[in-house]
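So you can see what is in the structure, the chains are spelled out below.
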Amino acid sequence: GQQLNQSPQSMFIQEGEDVSMNCTSSSIFNTWLWYKQDPGEGPVLLIALYKAGELTSNGRLTAQFGITRKDSFLNISASIPSDVGIYFCAGQLGQGAQKLVFGQGTRLTINP
Amino acid sequence: DAGVIQSPRHEVTEMGQEVTLRCKPISGHNSLFWYRQTMMRGLELLIYFNNNVPIDDSGMPEDRFSAKMPNASFSTLKIQPSEPRDSAVYFCASSLLSVGYGYTFGSGTRLTVV
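Residues numbered from 1 in each chain as written. Chains lettered and ligands numbered in written order. Predicted model: local features only at pLDDT ≥ 70, side-chain atom pairs only at ≥ 80, totals over all residues. Heavy atoms only, no water.

**Section: the overall build of chain A**
And then number 1: What chain A contains, in helices and strands, is zero helices and eleven strands.
And then number 2: In chain A, the succession of helices and strands from N to C terminus is β-β-β-β-β-β-β-β-β-β-β.
And then number 3: Whereas a compact globule of 112 residues would reach a radius of gyration of roughly 13 Å, chain A reaches 13 Å, a difference of no more than 12%.
And then number 4: Dimensions of chain A, computed from the C-alpha atoms along their principal axes, are close to 40 × 30 × 20 Å. (Helix = DSSP H or I, 4+ residues; strand = E, 2+ residues; numbered from the N terminus. Rg over C-alpha atoms; globule rule 2.2 N^0.38 Å.)

**Some details on the environment of proline 81 of chain A**
And then number 1: Its place among the elements puts proline 81 of chain A in the loop between strand 8 (71-76) and strand 9 (85-92).
And then number 2: Among residues more than four places away in sequence, those in contact with proline 81 of chain A are Glu15 and Ile110 of chain A. (Contact = heavy atoms within 4.5 Å.)

**So, the sheet that holds strand 8 (residues 74-79) of chain B**
Residues and elements named next belong to chain B.
And then number 1: Here four strands make up an open sheet; going across it, the order is 1-3-8-7 and the pairing antiparallel. The open sheet has two edge strands, strand 1 (5-7) and strand 7 (65-71), and neither has a second partner. Sheet twist, expressed as the average angle between the axes of neighbouring strands with direction ignored, equals 15°.
And then number 2: For strand 7 and strand 8, the ladder comprises five bridges, and the chain directions are antiparallel. Within the sheet, the bridge partner assigned to lysine 68 lies in strand 8 and is threonine 76. (Pairing = 2+ DSSP bridges. Axes fitted to C-alpha atoms, helices over the stretch in contact; angles between N-to-C directions.)

**Considerations on the sheet that holds strand 1 (residues 4-7) of chain A**
Paired through backbone hydrogen bonds, the strands of a sheet run either parallel or antiparallel to each other.
All names here are of chain A.
And then number 1: Spatially, five strands are ordered 1-3-8-7-6 in an open sheet, and the strand pairing comes out antiparallel. Across the chains shown, the open sheet's two edge strands, defined by having one partner strand only, are strand 1 and strand 6 (55-58). Across this sheet, the average inter-strand angle for adjacent strands is 15°, counted without regard to direction.
And then number 2: Bridge count for strand 7 (residues 61-65) against strand 8 is five bridges, and the pairing is antiparallel. From the neighbouring strand, glutamine 64 faces strand 8, where its bridge partner is phenylalanine 73.

**Describing the state of the cysteines**
Every disulfide links exactly two cysteines, by a covalent bond between their sulfur atoms.
And then number 1: Here the structure, examined in full by the defined rule, presents two disulfides over all chains.
And then number 2: The side chain of cysteine 23 of chain A participates in a disulfide bridge whose partner is cysteine 89 of chain A; the two sulfur atoms lie 1.7 Å from each other. Remark: cysteine 89 of chain A occurs in strand 9 and cysteine 23 of chain A occurs in strand 3 (residues 19-25); sequence separation between them is 66 residues. Judged on exposure class, the residue cysteine 23 of chain A and its partner cysteine 89 of chain A are both buried.
And then number 3: Put simply, cysteine 23 of chain B and cysteine 92 of chain B are joined by a disulfide, and their sulfur atoms are 1.9 Å apart. Judged by the torsion about the S-S bond (-70°), the cysteine 23 of chain B/cysteine 92 of chain B disulfide is left-handed. One end of the pair, cysteine 23 of chain B, is in strand 3 (residues 19-24); the other, cysteine 92 of chain B, is in strand 9 (residues 88-95), with 69 residues separating them in the sequence. (Disulfide = S-S within 2.5 Å. Buried < 20%, exposed > 50% of the residue type's maximum accessible area, 1.4 Å probe, protein only.)

Now the structure itself:
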């Protein structure tokens, strides 16, 4: 079945540093999504990518849909304490309500 | 918009008991998903519905698990009988079939089976 390999599994950084995480797949996806999960809550959508090569920003977050359609990365610039949480990549085979395949998550910890 | 509403938020039950988790999707959404999250296995899709019809239940672990969606505003996930290995956080999510940007998750139900 489809699997997403997300790395790193965890990151410990200083406030103000930039963060980079990525996701690779053995399968091609038509949509890549990045979610953030805060403790005790469900994942919340951060960025959605629909085209190979697409680069999309949402404030301090930037994500790209890899040319091969088998990978994606997420960058966070100038991290702040509220960026702490678990970040998940997810791949979606088709547009609309198809099932998502999730990566294992990257746990981000920020030292003030 | 109240978002996806799940109840209860926490459930502690004894092994062998029946457990029912409930979900109210966002009004107007016509797709609903049940996910399970554990440390070992991450987020796993259990089942999803389009227009109240189950489309893919291949992720349902075994016959002890069942899910229903009697109408567009309500779904249940039932475990009978429950076992300690069912302990996890169960998420419900909903979306619009016609829109291609992922879906909205509820806050989850943390289930502990002792």
